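Listed below are the residues making up each chain.
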Amino acid sequence: PPERYEVLRRRIYSNTKEIWYYVSSSLRSLAKEFEDLKPKISHMKTMVDEHYRSLLRDVAKLADVDGYSQWRWKEFDSLSRLVEKRFLHAQNPPDCSKAKKLQCNFISVCPQKNCCGYGCRVHHFVKCLVVAYATQRTMIIGTPKKWDFTSRGFESIFLPLSDTCTSNDGETVSLWPGDESIQVINYNVPTPEYAPKHLHPPYIPVVLPEDLAGRINVLHGDPAVWWIGQFFKYIFRPQPSTTSLFNEFSKRVRFQKPIVGIHVRRTDKLLGEASFHKLEEYMYHVEEYYKLKELNGEYHKKRIYLATDDATLFDEARLKYPEYDVIGDPEISKNAGTQKRELDSSIMNIITDIHFLSQCDHIVCTFSSNVCRLAYEIMNSLQPDASTKFNSLDDTFYFSGQVHRLNVALISHKADNPDEMDLEVGDEIEVAGNHWDGYSKAVNLRTKKRLLYPGFKVTTKIEVLPFATYPNITV
Ligand code: GDP
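Quick caveat, the model's predicted, so the values are computed rather than measured. (Residues numbered from 1 in each chain as written. Predicted model: local features only at pLDDT ≥ 70, side-chain atom pairs only at ≥ 80, totals over all residues. Heavy atoms only, no water.)

Engineer: When you look at the overall build of the chain in this model, what are you seeing that I'm missing?
Structural biologist: Along the chain, the regular secondary structure elements total 12 helices and 16 strands. Since a compact globule built from 475 residues should have a radius of gyration of about 23 Å, the 23 Å found for the chain is in line with a globular shape. Evaluated residue by residue, the chain yields a buried proportion of 53% over its 475 residues. Residue pairs in contact within the chain that sit at least 24 positions apart in sequence constitute 71% of those at least 6 positions apart. Summed over its atoms, the accessible surface of the chain is roughly 22600 Å², and 55% of this surface lies on carbon and sulfur atoms. Where the 61 positive side-chain charges of the chain centre and where its 61 negative ones centre are 2 Å apart. (Helix = DSSP H or I, 4+ residues; strand = E, 2+ residues; numbered from the N terminus. Rg over C-alpha atoms; globule rule 2.2 N^0.38 Å. Buried < 20%, exposed > 50% of the residue type's maximum accessible area, 1.4 Å probe, protein only. Contact = heavy atoms within 4.5 Å. Areas by Shrake-Rupley, 256 points an atom, 1.4 Å probe, with all protein chains shown as cover. Lys, Arg positive; Asp, Glu negative; His and termini not counted. Charge placed at Lys NZ, Arg CZ, Asp CG, Glu CD.)

Engineer: Where do I start with the pairing of strand 1 (residues 101-106) in this structure?
Structural biologist: Consecutive residues of a regular strand have side chains that alternate between opposite faces of the sheet. Counted residue by residue, strand 1 has six buried out of six residues, so it is predominantly covered. Side chains Lys101, Gln103 and Asn105 of strand 1 all project onto a buried face; the interleaved residues Leu102, Cys104 and Phe106 project onto the opposite face, where all are buried too. Examined bridge by bridge, strand 1 and strand 2 (residues 138-141) share four bridges and lie parallel to one another. Bridge pairing links glutamine 103 to isoleucine 140 in strand 2. (Pairing = 2+ DSSP bridges.)

Engineer: I keep staring at the site of the ligand and nothing clicks. Help me out?
Structural biologist: Near the ligand you find 19 residues, and of these Gly119, Arg265, Glu342, Asp353 and Ser369 are the closest. Cysteine 120 places a main-chain nitrogen or oxygen 3.4 Å from an oxygen atom of the ligand. At 2.7 Å from an oxygen atom of the ligand is found a side-chain nitrogen or oxygen belonging to serine 369. Protein burial of the ligand: of its 570 Å² of free accessible surface, 97% is covered by the chains. Residue assignment for the shell around the ligand shows that the elements contributing at least two residues are helix 4 (118-134), strand 7 (302-308), helix 11 (344-358) and helix 12 (370-379). Classifying every residue of the shell around the ligand by side-chain character gives seven nonpolar, seven polar and five charged. (Near = heavy atom within 4 Å. Polar contact = N/O pair within 3.5 Å; in protein donor to acceptor, adjacent residues only side chain to side chain. Nonpolar A, V, L, I, M, F, W, Y, C, P; charged D, E, K, R; others polar.)

Engineer: Would you explain the packing of helix 1 (residues 3-33) against helix 2 (residues 38-65) in this entry?
Structural biologist: For any two helices packed against each other, the geometry is given by the interaxial angle and the distance between the axes. Following both chains from N to C, one finds helix 1 and helix 2 inclined at 170 degrees, their axes separated by 10 Å at the closest point. In terms of orientation, helix 1 and helix 2 fall into the roughly antiparallel class. Partitioning the contact of helix 1 with helix 2 into residue classes produces 18 nonpolar, two polar and five charged. (Axes fitted to C-alpha atoms, helices over the stretch in contact; angles between N-to-C directions. Parallel < 35°, antiparallel > 145°, perpendicular 65-115°, else oblique.)

Engineer: Whenever I open this one, the state of the cysteines confuses me. Can you help?
Structural biologist: Disulfides are covalent bonds that connect the sulfur atoms of two cysteines. Applying the stated rule across the entire model yields four disulfides. Across the disulfide from cysteine 104 sits cysteine 128; the S-S distance is 1.8 Å. Residues cysteine 104 and cysteine 128 share a disulfide whose torsion about the S-S bond is about 45 degrees; that sign makes it right-handed. Taken together, the residues span a long stretch of sequence, with cysteine 104 in strand 1 and cysteine 128 in helix 4 at a distance of 24 residues. By relative accessible area, cysteine 128 is classed as buried at 0%. Between the sulfur of cysteine 365 and that of cysteine 372 lies a disulfide, 2.2 Å long from S to S. With the S-S dihedral at roughly 55 degrees, the linkage between cysteine 365 and cysteine 372 falls on the right-handed side. (Disulfide = S-S within 2.5 Å.)

Engineer: I tried to follow the packing of aromatic side chains on my own but got confused; where do I start?
Structural biologist: Given two aromatic rings, their pairing is described by the distance between the two centres and the angle made by the two planes. Overall, the coordinates contain 36 aromatic pairs when judged by the stated rule. Pairing tryptophan 227 with phenylalanine 231 gives two aromatic rings, centres 4.9 Å apart and planes at 90 degrees, and the pair type is edge-to-face. Separated by four residues within a single helix, tryptophan 227 and phenylalanine 231 lie in helix 7 (residues 223-235), roughly one turn from each other. Classification of tryptophan 227 as buried rests on a relative accessible area of 0%. (Phe/Tyr/Trp six-rings, centres within 6.5 Å; stacked < 30°, edge-to-face > 60°.)

Engineer: Teacher, can you tell me more about a nonpolar patch on the surface here?
Structural biologist: On the surface, a cluster of nonpolar side chains totalling about 230 Å² of accessible area is made up of Leu30, Phe34 and Leu37. With respect to the element layout, leucine 30 can be found in helix 1. (Patch = residues over 30% accessible without salt bridge, like charges linked within 9 Å, V, L, I, M, F, W, Y side chains within 5 Å. Salt bridge = Lys/Arg side-chain N within 4 Å of Asp/Glu carboxyl O.)

Engineer: Honestly, the pairing of strand 12 (residues 428-434) in this entry has me stumped. Any pointers?
Structural biologist: Of the pairings in the sheet, the one linking strand 11 (residues 406-409) to strand 12 comprises three bridges and is antiparallel in character. Directly across from leucine 406, in strand 12, lies its bridge partner glutamate 430. Both strand 12 and strand 13 (residues 439-444) contribute to a ladder of five bridges, which runs antiparallel. Bridge pairing links isoleucine 429 to asparagine 444 in strand 13. In textbook terms, the turn of a hairpin is the stretch between consecutive antiparallel strands, and for strand 12 and strand 13 this stretch comprises four residues, one of which, tryptophan 436, has a positive phi near 55 degrees.

Below you can see the structure in the form of structure tokens.
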């Protein structure tokens, strides 16, 4: 399909959401201000919700009837296979002793061991794989103990990154960035934010490879998410024993579709990194998901897959939502909020929760959590475009360590109050967050001011760089 058609179709979908956020939030403010209008406003809200669902349904259906749905799967298949073949090529050099390598070292910067959990660490891990891919080097896992996946090693759970090359031997060694002639480049992650700019490789998402960006942008509503997902798909190729564990778990908890995944992050995350959200806030979006299904004439048993570090939520969910099947296992949440959470005995717990969240039809969670973003990224590597299948109760999507995420203004805007920014068509703005009320926050790079703007007036700016292009690899 023409790029302009796909981009427009998805823009109508996301702006349908934006207008609904705007109207819902405005009605809430009015109801607070004018007590006597409450019944009238409540009626309006019911009607607005019905309009909203009907519009969402129709726009979603467009993608089924426009004749391109087969193409989307074919293109998804072909692009994913191309990228995977390139990974396999870079990771399996015929002669390891001659190969150019990027050794990835994890430097723990936190005072307490648990400050960068599994989700955080695998995001750093993927950063290295991105840089290795971009510079066509074989990624070698340095400091395996510090990565702390398990004492038995990454390969006890997932297939090795390489079948031919794991040794970091090389004639010449240097720290990133080094230069092309150096055989082994050491890349230390996380690179502290205050580190000089040259220590931050430019290839870190949300930047895309120039040679693929166009295709990814036609295929997917949030190209960076698709791109990041491919790397996770590669590193999380399960060992047969892991596949068996997933299958047994699936049978035991009776995992079945349709199902909405919810990830509720509590415990240590609430000590300054994220706010508390009640179960009801998550379930609101779950209810909306099933209402949309019903509008399509699909009546299903309502199900959620519950992943959380707070095991008490299972009882709460079953008590408050008796009409739901609450799928999941409180046992695997039990150590999740404690120092014991990533011992060998429980690392499979978080891996299992992330796997099943990514298999869900829709996810409701908080993008401030690495676990939630990870599940969403993997979900997007399994189908052509799952960029609309989430609700985040806090942040918009980001990649930790990203330089910035840019939007560009399509429609001008005159600030209505001191909290808002002026927008000129073409202004580039650095996204800080969506307030989920029709407005988002950003720094306008023209005026350098960090203010609010109406979300529908902008679109994502795709940033690209020349990465290695692997000209001999074809599908
Ligand atoms: P973040 O702190 O949420 O950004 O993600 P991290 O992965 O860095 O750290 C969170 C850690 O808490 C994980 O690695 C898990 O050990 C634990 N955890 C968080 N959420 C869950 C969950 O839903 N299930 C399980 N089993 N563990 C969780």
